[in-house]
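So you can see what is in the structure, the chains are spelled out below.
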Amino acid sequence: MRAVAVRKTGGKPELMELPEPRPAPGEVLVELTAASVNPIDMAIAAGAFEGRMPHVYPLVLGVDGAGRVAEVGEGVSGLGPGDVVHGQFLRAPLGNGTFADYAVVTEFPDGGALQRVPDGMPAEIAAALPTAGMTALGALEAMGLREGQSILVVGATGGVGVFAVQLAAAKGAEVIATARPDADLWIRQLGAARTADYTVGGVAEQVRRTHPGGVDAVLDLTRDPARFGEYAGLVRDGGAAVSVSLTASPELLASERIAVSNFMMADKPDLLARITAEASSGRIRVPVHRTITLDRVPEALTGNAAGGARGKTTVRI
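Engineer: Honestly, the overall build of the chain in this entry has me stumped. Any pointers?
Structural biologist: Tallying secondary structure elements over the chain gives 10 helices and 17 strands in all. The principal-axis extent of the C-alpha atoms belonging to the chain is close to 60 × 40 × 35 Å. Evaluated residue by residue, the chain yields a buried proportion of 52% over its 317 residues. A sequence separation of at least 24 residues applies to 66% of the contacts in the chain between residues at least 6 apart. About 13300 Å² of surface is accessible on the chain, with carbon and sulfur atoms providing 50% of the total. Computed over 29 positive and 35 negative side-chain charges, the inter-centroid distance for the chain is 5 Å.

Engineer: Even after reading the chapter, I still don't get the sheet that holds strand β7 (residues 94-96), so can you show me in this structure?
Structural biologist: Hydrogen bonds along the backbone pair up the strands of a sheet, which may run parallel or antiparallel. The strand order across the open sheet built from 4 strands is β2-β1-β4-β7, with neighbouring strands paired in mixed fashion. With one partner strand each, in any of the chains shown, β2 (14-17) and β7 form the two edges of the open sheet. Between one strand axis and the next, the sheet turns through 50 degrees on average, direction left out of account. With 2 bridges connecting them, strand β1 (residues 2-6) and strand β4 (residues 55-60) associate as antiparallel partners. Residue pairing for β4: V6 is matched across the bridge by L59.

Engineer: Explanation requested: the side chain of S243 in the structure shown.
Structural biologist: For S243, the position within the fold is in strand β14 (residues 235-243). Looking at S243, the relative accessible area reads 0%, which means it is buried. Of the polar contacts made by the side chain of S243, one reaches the side chain of T247; its length is 2.8 Å. S243 has contacts with D220, F228, A248, S261, N262 and F263, leaving out every residue within four places of it along the chain.

Engineer: Would you explain the packing of helix α3 (residues 130-143) against helix α4 (residues 159-170) in this entry?
Structural biologist: Two quantities define a packed helix pair, namely the angle between the axes and the distance from one axis to the other. Where α3 meets α4, the closest approach of the two axes is 8 Å, and the angle between their N-to-C directions is 45 degrees. On the basis of the axis angle, α3 is oblique to α4. The element α3 and its partner α4 pack so that their crossing is right-handed. Contacts between α3 and α4 pair A132, G133, T135, A136, L137 and L140 from the former with G159, V160, F163, A164, L167 and A168 from the latter.

Engineer: I keep staring at helix α1 (residues 39-46) and nothing clicks. Help me out?
Structural biologist: Counting along an α-helix, one turn takes 3.6 residues, and residues three or four places apart therefore face a common direction. Among the residues of α1, those classed as buried are D41, I44 and A45. Buried residues of α1, seen end-on, are gathered within an arc of 100 degrees and therefore sit on one face of the element. Just beyond α1, the residue with positive phi is G47, at close to 95 degrees.

Definitions and cut-offs
- Residues numbered from 1 in each chain as written.
- Predicted model: local features only at pLDDT ≥ 70, side-chain atom pairs only at ≥ 80, totals over all residues.
- Heavy atoms only, no water.
- Helix = DSSP H or I, 4+ residues; strand = E, 2+ residues; numbered from the N terminus.
- Buried < 20%, exposed > 50% of the residue type's maximum accessible area, 1.4 Å probe, protein only.
- Contact = heavy atoms within 4.5 Å.
- Areas by Shrake-Rupley, 256 points an atom, 1.4 Å probe, with all protein chains shown as cover.
- Lys, Arg positive; Asp, Glu negative; His and termini not counted.
- Charge placed at Lys NZ, Arg CZ, Asp CG, Glu CD.
- Pairing = 2+ DSSP bridges.
- Axes fitted to C-alpha atoms, helices over the stretch in contact; angles between N-to-C directions.
- Polar contact = N/O pair within 3.5 Å; in protein donor to acceptor, adjacent residues only side chain to side chain.
- Parallel < 35°, antiparallel > 145°, perpendicular 65-115°, else oblique.
- Left-handed = near helix turned anticlockwise from the far one by under 90°.
- Arc of directions from axis to C-beta.

Structure follows, in structure tokens:
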């Protein structure tokens, strides 16, 4: 089968031919139709999970996918051949990823979530939802955002950001989104009330001009610890600042003025079920920035941190 994998920790992702996997007891073999790109993909390739989860090499990358169950192993009772599923295929050992024609995953992934796709949902939409959608939903709930509050979403036009903006606006919050000028109207159509142009610098200064009393919450989806400290300084007393990239320093985490946290997802099956219901009902949109073929995945992975995206990059397999 075709697969995008690395041969060693820190290796360059490449398209290669690998044997088709077979499902062991408790496992499901999925013939993949679509996948999506996430920052965690290159983090896994770089060895971010070494010492925490076992790895197998060549390590097939990709955690989000959608497809049809081709075969099930002994003991699988909730799924059968022909079922259309999607989810976050994150389980030990790492290396059985979704950038491939086939992937094996346990029926109940220890690090992810797997479920049936709602009738009528396109595969690329189903593949775009899991990691980004679950992260946005979980992070907003962790900070306890309420109607009438204000929130700055940093990285608002990326995969997680497009969901966070919509979900926060649906709660009745005033959303301030970082965005390039050419994405201003687009992100406002998703629910942002205001934007801050990060290309000219000084996002914190721009927010202070429009909100001199501060904001109630900050959700930072980028990876700059120093900037996160600046954004946390915008939060008024009693508010919350959340980083999804674990950039909150010990000093910030110890703050008694505001609630600061490095967000880690929990109860992924519940989060996946709920974010999928939001999309299936039409309450939120699933913006797809571009769709690529499997052979373009290595290039997309190395360029995924360049910025300027408008939603998710999906993979047609």
